Amino acid sequence: MDKLEQRLGYSFATHVYLETALTHSSYANEQGHQHSNERLEFLGDSVLGFCVAKSLWQMYPDMPEGGLTRLRAELVCETSLHQVALSLNLGQYIRLGKNEECNGGRDRTSILADCVEAIIAAMYLDGGLAPVEAFIEEYILKDLRAGHRPVRTDYKTQLQELMQRAGGASPVYAIVAESGPDHNKSFTASVTLHDGSQALGEGKSKKEAEQMAAKAALQTLAD
């Protein structure tokens, strides 16, 4: 854990927070552990969103709400967090069940991105907002402050903007199916557009499924 803490730029006082953040549900189920990182992921998503929103509000005093919302979405999307995980070499530290390990879980985008959110929550619980903000500054905002806007494939944001330009209502997403055991679930999401048309997408997380549904809708609209 020492090497990971060096990469994070933070030493935990209560190491169980970090250990839990690195524990995937497949490992928790297999080993009979009480806790996986899912609850931390839930908290980390909100902490990350707040910290990024606060920084963008300070960095761009003249940017309208819509621009801030889009930029925040680009910075905190699954693709962005996956890149953070890769820079931390996070895959080697995650505790996975045997089946998830065999199925390539250490390289799965959704697992790595979720783990970043869980680590952010662990840092917040252990040390408050200060270490979280320092981490976000280094791994998420650094390029932006250097003048490099993020280039991400966020299909949901693209679809939302397209609908707004067309004067239609916002797309509506729903998870319509899920399959597989808890440690290796697959989700199917639908997106319904203002004209009633629908598109479906599949993924290993609900977020990924919704992104794939948005991608399918964009492809349909482009045909």
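Everything below is about the structure printed above this text.
Everything numeric here is computed off the predicted structure, so don't read it as measured data.

1. Points about helix H11 (residues 206–222)
Phase 1 of the analysis: With 17 residues, H11 extends 24 Å from end C-alpha to end C-alpha; this agrees with the ideal 24 Å at 1.5 Å per step.
Phase 2 of the analysis: Along its buried surface, H11 packs onto helix H10 (155–165), strand E1 (172–179), strand E2 (186–192) and strand E3 (198–203).

2. Here's the deal with the pairing of E1
Phase 1 of the analysis: Bridge count between E1 and E2: seven bridges; the pairing is antiparallel. Residue Val-172 lies in a different strand from E2, and its bridge partner there is Thr-192.
Phase 2 of the analysis: Connecting the antiparallel pair E1 and E2 is a turn made up of six residues, with Gly-180 showing a positive phi of about 95°.

3. Let's talk about the layout of surface pockets
Phase 1 of the analysis: Its boundaries defined by the atoms lining it, the largest pocket holds a volume of some 630 Å³.
Phase 2 of the analysis: Taken together, 26 residues line the largest pocket, and the ones lying closest to its centre are Ala-73, Val-76, Asp-154, Lys-156 and Thr-157.
Phase 3 of the analysis: Of the residues assigned to the lining of the largest pocket, the class counts are seven nonpolar, seven polar and 12 charged.
Phase 4 of the analysis: Size it by volume and the second largest pocket reaches roughly 470 Å³.
Phase 5 of the analysis: Surrounding the second largest pocket, 19 residues form its lining, Glu-38, Asp-114, Phe-187, Lys-204 and Ser-205 being those nearest its centre.
Phase 6 of the analysis: Elements with a contribution of two residues or more to the lining of the second largest pocket: helix H4 (38–59), helix H8 (109–127) and H11.
Phase 7 of the analysis: It is H8 that provides the largest number of residues to the lining of the second largest pocket, a total of three residues.

4. Some thoughts on unusual backbone geometry
Phase 1 of the analysis: Look at Asn-89: it is not a glycine, yet its phi comes out positive at around 55°.
Phase 2 of the analysis: Inspection of the secondary structure puts Asn-89 in the loop between helix H6 (78–87) and helix H7 (98–102).
Phase 3 of the analysis: Judged by relative accessible area, which is 36%, Asn-89 ranks as partly exposed.

5. Comments concerning the side chain of Thr-20
Phase 1 of the analysis: By the secondary structure assignment, Thr-20 is in helix H2 (residues 15–21).
Phase 2 of the analysis: Polar contacts involving the side chain of Thr-20 include one to the main-chain carbonyl oxygen of Val-16, which spans 2.8 Å.
Phase 3 of the analysis: Setting aside chain neighbours within four positions, we find Thr-20 in contact with His-35, Ser-36, Asn-37 and Leu-40.

6. A short note on the state of the cysteines
Phase 1 of the analysis: Tallying each qualifying case throughout the model produces zero disulfides.
Phase 2 of the analysis: For Cys-102, which is in no disulfide, the shortest distance to another cysteine sulfur is to Cys-115 and amounts to 19 Å.
Phase 3 of the analysis: Cys-102 sits in the exposed class, given a relative accessible area of 68%.
Phase 4 of the analysis: With no disulfide of its own, Cys-115 lies closest to Cys-77 among cysteine sulfurs, the gap being 17 Å.

7. Structural notes on the packing of aromatic side chains
Phase 1 of the analysis: Within this structure, the stated rule accounts for two aromatic pairs.
Phase 2 of the analysis: Relative to Phe-12, the ring of Tyr-10 lies with its centre 5.0 Å away and its plane at 80°, an arrangement referred to as edge-to-face. The two residues Tyr-10 and Phe-12 agree in class, both being buried.
Phase 3 of the analysis: Plain terms: the ring middles of Phe-135 and Tyr-139 are 5.0 Å apart, the flat faces sit at 40° to each other, and that makes the pair tilted. Taken together, the positions of Phe-135 and Tyr-139, both in helix H9 (residues 129–145) and four residues apart, correspond to about one turn of that helix.
Phase 4 of the analysis: On the accessibility criterion, Tyr-139 (24% relative accessible area) is partly exposed.
Phase 5 of the analysis: The ring of Tyr-173 carries Lys-156 above its face, with NZ or CZ at 4.6 Å from the centroid.

Reading the values: rules and limits
Residues numbered from 1 in each chain as written. Predicted model: local features only at pLDDT ≥ 70, side-chain atom pairs only at ≥ 80, totals over all residues. Heavy atoms only, no water. Helix = DSSP H or I, 4+ residues; strand = E, 2+ residues; numbered from the N terminus. Expected span 1.5 Å × (residues − 1). Contact = heavy atoms within 4.5 Å. Pairing = 2+ DSSP bridges. 1 Å grid on protein atoms, 1.4 Å probe; cavity = no way out; pocket = protein on both sides within 12 Å on 5 of 7 lines; lining within 4 Å. Points joined across faces, edges and corners; volume = space filled by probe spheres on them. Nonpolar A, V, L, I, M, F, W, Y, C, P; charged D, E, K, R; others polar. Buried < 20%, exposed > 50% of the residue type's maximum accessible area, 1.4 Å probe, protein only. Polar contact = N/O pair within 3.5 Å; in protein donor to acceptor, adjacent residues only side chain to side chain. Disulfide = S-S within 2.5 Å. Phe/Tyr/Trp six-rings, centres within 6.5 Å; stacked < 30°, edge-to-face > 60°. Lys NZ or Arg CZ within 6 Å of the ring centre and 35° of its normal.

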